[in-house]
Amino acid sequence: MEKGTLVEFWHNGERRLAIADRPEGKKHWVAIDSRTQSHTLHPRDITYEVAGISCKQPAEINKFSTEVAPNIDPDNLEVAWEMLVEDGELVDPPTLADLLYSDRTPVLCYAAHVLLSGDKIYFKNKKEDKYEARSRAQVTELQHQATVKEQKEREQQGFIDRVQQQLAGTAVKWEDTDKQRLEVLEKYVLNPDAPPQKLGEYLTALNRSQTQQAVFSLLVELGWWSIHENIHLRRAQTPVHFSHQMQTVAHELLTNPPVDLDLAHRVDLTHHKVYTIDDESTQEIDDGLSLEILPDGREKLWIHIADPTRLLSPEDRFDLEARKRSVTIYLPTGMIPMFPPELATGPMSLRQGQKCCAISFGVILDPTGAVAEYEITTSTIEPTYRLTYEDVEEMLQLGIPGEREIETIAKASKLRTQWRLSQGSININMPESTVKVHGDEVSIELIEDNRARKLVAEMMILAGEVAAKYGQDHNLPLPYRGQPQPELPPEEELILIPVGPARSCAVRRCMPRSEMSTSPSRHAGLGLNTYSQVTSPIRRYTDLISHFQIKAHLRGDELPFTVERLQEIMLGLGTNIYEANMVERQTNRYWTLEYFNRSSEREWDAIFLRWLREDESLALIMIEDLGIELAMKFPRWADIGERIQVQVVLVDPRQDIIHLREIISQSD
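Residue numbering note: each chain is counted from 1, following its sequence as written. At least 70 in pLDDT is required for a residue's local features to be given in this predicted model, at least 80 for side-chain atom pairs to be given and counted, and no such filter applies to totals for whole chains, interfaces and linings, which use all residues. Where side-chain values are given, they derive from all heavy atoms of the structure, hydrogens and water being excluded.

Draft legend 1. Looking closely at the overall build of the protein. A run of H or I in DSSP becomes a helix once it reaches four residues, and a run of E becomes a strand once it reaches two; helices and strands are each numbered from the N terminus. Of the regular secondary structure elements, the protein holds 19 helices and 26 strands. The C-alpha radius of gyration computed for the protein amounts to 39 Å, which surpasses the reference 26 Å derived for 668 residues by more than 25%, pointing to a less compact arrangement than a globule. Overall size of the protein, expressed as C-alpha extent along the three principal axes, is 125 × 75 × 45 Å. Each residue gets one of three labels from its accessible area relative to the maximum for its type: buried under 20%, exposed over 50%, partly exposed in between, using a 1.4 Å probe on protein chains only. The burial tally for the protein puts 47% of its 668 residues in the buried class. Computed with a 1.4 Å probe, the accessible areas rest on the Shrake-Rupley method; for each residue, only the protein chains presented here act as cover. Of the roughly 34600 Å² of accessible surface on the protein, a fraction of 48% belongs to carbon and sulfur atoms. With the radius of gyration taken over C-alpha atoms, the globule rule is written as 2.2 Å times the number of residues to the power 0.38.

Draft legend 2. Examining the pattern of salt bridges more closely. Here a salt bridge means any side-chain nitrogen of Lys or Arg lying within 4 Å of a carboxyl oxygen belonging to Asp or Glu. This structure, assessed with the given rule, holds 53 salt bridges. Notably, a salt bridge pairs Arg555 with Asp262, separated by 2.9 Å at the nearest N-O pair. Here Asp262 lies in the loop between α10 (244-255) and β9 (267-268) and Arg555 lies in helix α18 (residues 541-555), a separation of 293 residues in the sequence. Note on Arg555: relative accessible area 21%, which makes it partly exposed. By relative accessible area, Asp262 is classed as buried at 2%. With its nearest N and O atoms 2.8 Å apart, the salt bridge here joins Asp557 to Arg555. Linked through salt bridges whose partners overlap, the residues forming this network are Asp260, Asp262, Arg266, Asp307, Lys551, Arg555 and Asp557.

Draft legend 3. Just the packing of aromatic side chains, in detail. Any Phe, Tyr or Trp ring, taking Trp's six-membered ring, that has another such ring centre within 6.5 Å forms a pair; planes under 30 degrees apart are called stacked, those over 60 apart edge-to-face, and the others tilted. All chains considered together, the criterion is met by 15 aromatic pairs. In this arrangement the basic side chain of Arg325 is found over the ring face of Phe242, its NZ or CZ atom lying 3.7 Å from the centre. Cation over ring: Arg453 sits above Tyr389, and NZ or CZ is 4.1 Å from the ring centre. Lysine and arginine charges are scored as sitting over a ring when NZ or CZ, respectively, is within 6 Å of the ring centre and within 35 degrees of the ring normal.

Draft legend 4. Up close: the pairing of strand β24 (residues 628-633). Judged by which residues are buried, β24 turns out to be one-sided: Ile628, Leu630 and Met632 face inward and are buried, whereas Glu629, Ala631 and Lys633, on the alternate face, are not. Taken together, the six bridges between strand β23 (residues 618-623) and β24 define a ladder with antiparallel strand orientation. Counted as the bridge partner of Ile621 is Leu630 from β24. Note: two strands are recorded as paired if DSSP finds a minimum of 2 bridges between them. Where β23 folds back on β24, the antiparallel hairpin that results is connected by four residues, among which Gly627 adopts a positive phi of roughly 65 degrees.

Draft legend 5. Structural context of the nonpolar core. If you look at the biggest cluster of nonpolar residues, it comprises 42 residues, and the most contacted ones within it are Phe318, Phe339 and Tyr541. If you tally residues by element for this core, the top one is helix α19 (residues 563-597), at seven residues. Residue contacts are counted whenever heavy atoms from the two residues lie within 4.5 Å of one another. Those residues in contact with Tyr541, other than ones at most four positions away along the chain, are Asp319, Ala322, Arg323, Ser326, Met338, Phe561, Ile569 and Leu573. If you look at the next biggest cluster of nonpolar residues, it comprises 38 residues, including Phe361, Ala412, Met459 and Leu462. Each nonpolar core is a collection of buried residues, namely Ala, Val, Leu, Ile, Met, Phe, Trp, Tyr and Cys, held together in the definition by side-chain atoms within 4.5 Å.

Draft legend 6. Fine view of the packing of helix α14 (residues 404-422) against helix α15 (residues 451-473). Where α14 contacts α15, the axes come no closer than 9 Å and their chain directions differ by 65 degrees. Between α14 and α15 the crossing geometry is left-handed. Here α14 contributes Ile406, Ile409, Ala410, Ala412, Ser413, Arg416, Thr417, Trp419 and Arg420 to the contact with α15, which in turn contributes Lys454, Leu455, Glu458, Met459, Ile461, Leu462 and Glu465. For the contact of α14 with α15, the residue count by class is nine nonpolar, two polar and five charged. In this analysis, axes come from line fits to C-alpha atoms, helices being fitted only over the stretch in contact, and the angle between any two N-to-C directions falls in the range 0 to 180 degrees. Left-handed describes a crossing whose near helix is turned anticlockwise from the far helix through less than a right angle; right-handed describes the clockwise counterpart. Lys, Arg, Asp and Glu make up the charged group, whereas Ala, Val, Leu, Ile, Met, Phe, Trp, Tyr, Cys and Pro make up the nonpolar group; the residues left over, Gly among them, are polar.

Draft legend 7. Summary view of the side chain of Thr408. Within the secondary structure, Thr408 sits in helix α14. Among the residues examined, Thr408 registers a relative accessible area of 18% and is labelled buried. Not counting residues up to four positions away in its chain, the partners in contact with Thr408 are Leu291 and Glu299.

Draft legend 8. Quick peek at unusual backbone geometry. One non-glycine residue, Thr36, lies in the positive phi region at around 65 degrees. Inspection of the secondary structure puts Thr36 in the loop between β3 (28-33) and β4 (38-41). One non-glycine residue, Ser326, lies in the positive phi region at around 75 degrees. By the secondary structure assignment, Ser326 is in the loop between α11 (317-325) and β13 (329-331). Ser326 gets classed as buried once you look at its relative accessible area, which sits at 1%.

Draft legend 9. Region of interest: a nonpolar patch on the surface. To count toward a patch, a residue needs a relative accessible area above 30% and no salt bridge. Like charges then connect within 9 Å, nonpolar side chains (Val, Leu, Ile, Met, Phe, Trp, Tyr) within 5 Å. Side chains of Val79, Met83 and Leu99 sit close together on the surface and give an oily, nonpolar patch of about 240 Å² of accessible area. By the element assignment, Met83 lies in helix α2 (residues 75-84).

Draft legend 10. Here's a closer look at the sheet that holds β24. Across the sheet, which stays open at both edges, the five strands sit in the order β24-β23-β22-β25-β26 with antiparallel pairing between neighbours. Of all the strands in the sheet, just β24 and β26 (657-662) have a single pairing partner and so form its edges. For this sheet, the mean angle separating the axes of adjacent strands, direction not counted, is 50 degrees. Contacts between helix α17 (residues 501-508) and the sheet are confined to β22 (603-613), β23 and β24, with β22 contributing the most and set at about 30 degrees to the helix. Sitting on the sheet, α19 is in contact with β22, β23, β24, β25 (643-652) and β26, with an inclination near 100 degrees to β25.

Draft legend 11. Fine view of helix α8 (residues 212-221). Turning to α8, its buried residues number three or more, namely Ala214, Val215, Phe216, Leu218 and Leu219. Structurally, α8 contributes buried residues whose contacts are with α5 (136-167), α6 (176-190), α7 (199-206) and α9 (231-236). At the exit of α8 stands Gly223, carrying a positive phi of roughly 75 degrees.

Draft legend 12. Expanded view of the sheet that holds strand β6 (residues 90-91). Read across the sheet, three strands follow the order β6-β8-β7 without closing on themselves; strand pairing throughout is antiparallel. Two strands close off the open sheet at either side, each with one partner strand: β6 and β7 (123-127). With four bridges joining them, β7 and strand β8 (residues 130-133) adopt antiparallel strand pairing. Residue pairing in the sheet places Lys124 in a bridge with Glu132 of β8.

Draft legend 13. Structural detail: α11. Residues of α11 that are buried: Phe318, Asp319, Glu321, Ala322, Arg323 and Arg325. Of the surrounding secondary structure, the elements contacted by the buried residues of α11 are α10, β14 (334-336), α12 (341-344), α18 and α19.

Laid out in structure tokens, this is it:
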């Protein structure tokens, strides 16, 4: 190479021309570009030498480039390719210049080189400046790939433009491809440990950092998520809505219900006065109570449970959908039902003043409160009163004439409680509360532990015992619930702890988890030798299974679920129920912290329950007015059950952080 030769090389991804100025060492040359910048080039760095001209000044480079530019038309390549594709001959820049421009001047040869070296479709570089025309099949495929790439780039740019518009306050209509990109951002927030493939590309284009909080904030700013988006629910992938197909099937069931397999066996109990007792907000009414005085003067308790299985068949679409959901999930913002609301609150519920199908558990107690006689039957009832717990509590206090049934059922429930205590039941009386969100308002209400709630709870436990007895007597595989016997603290230890939440907490921590099995076992906490939940078939799938099994046996039909099949189903249900419970707990925790966030100046009365990790000064306390348990750093010694005052120091619901401090009064 000689001084003054015009050479091409690449610098920072950009094609550049420079004039060879002087050799540097044995192989390198120093070249000067149009900006008068020096570059030391190895022969392998030089991608083209312009033959036939010699330049002396950098300004000549710009003049040369200006002459080249009009001749660089990519469309010319397709023309040349059509002429050469069948020949199979290699082509170099001079040959292409001759073909395209009918001349081989330095300007035209370099223009041909730029076209060939920049082409990704028609020609393939074989060696040095020699290129081969690709086959027609290859060109067709590469053209398709280029079209797809251009389309993606347009979509990407469109997405970025719409994001910027939305952030600037101009409402936009998201395209389907936008939604796919926004879902990539969602996936990262839900699982930051496994970033989606395109995440970095999108965030770079949007000039956002790759952190979970930054992406969450972006989704909120875009109006795609709310500031209180339920991450726990989204992460669990719990179906929130019913598909269009399920809604269609639900409508068909409403308009054309299936034949009732139990119609010939249903006992008409519509002459009974039936009380349904629930919270005022409850819409799925799945249990009712009544009292029958037998001719011999004995009292017979009736627990009527809604019969949703009359609308279903084992393994049909709705049964499988309910199995997948497993339970109704109750959140502060509302519930996610196991069945479509139009069914759950309609023909599946025990509605006041309407004839309803039920499974009725009739029970006669002996003088101690034990079950003396029982029966289970499918029935037709007509609920008389739709009552709240507050209504029943008031009735019990006033002793309303004409409603003595309620008082009698309450006495029976108290007798049952005493009997279960005699059988070893363990009474853990910890305050409970509900967290509710209405619009932008967050409230926490303590649930009053009154006689009405105890009455209903005791009757539901009684129905569970009777169902399990029936299953045990007839060797039916049911989802039985058991609980191993706990090792409770010695009485001399418990007596040192004040009666109330602190003592109940000490007992609670000794209680083993309840277990589900296809065979009966003792439930230590309830003091029952056998127990199975059957009272919430609209809200718990395990209860629904028990109904399928018991009703089939009552009809004399083959059981829908064998032991093996039931075990298989229960294994899957365990995972689903655990996930649903986690969503409930985490969501309640989030809104509880949000409640404290909005009440940060308030001082709270609390009870010191126990040490969590004494060596780290970490304790568990309970806010008395709310029944809420919180962990707290407690730098001094405190007695179990000691009453203290605390205040929130720091709270971050999204990060699940709350820090409290004890308020020390001046007198202390």
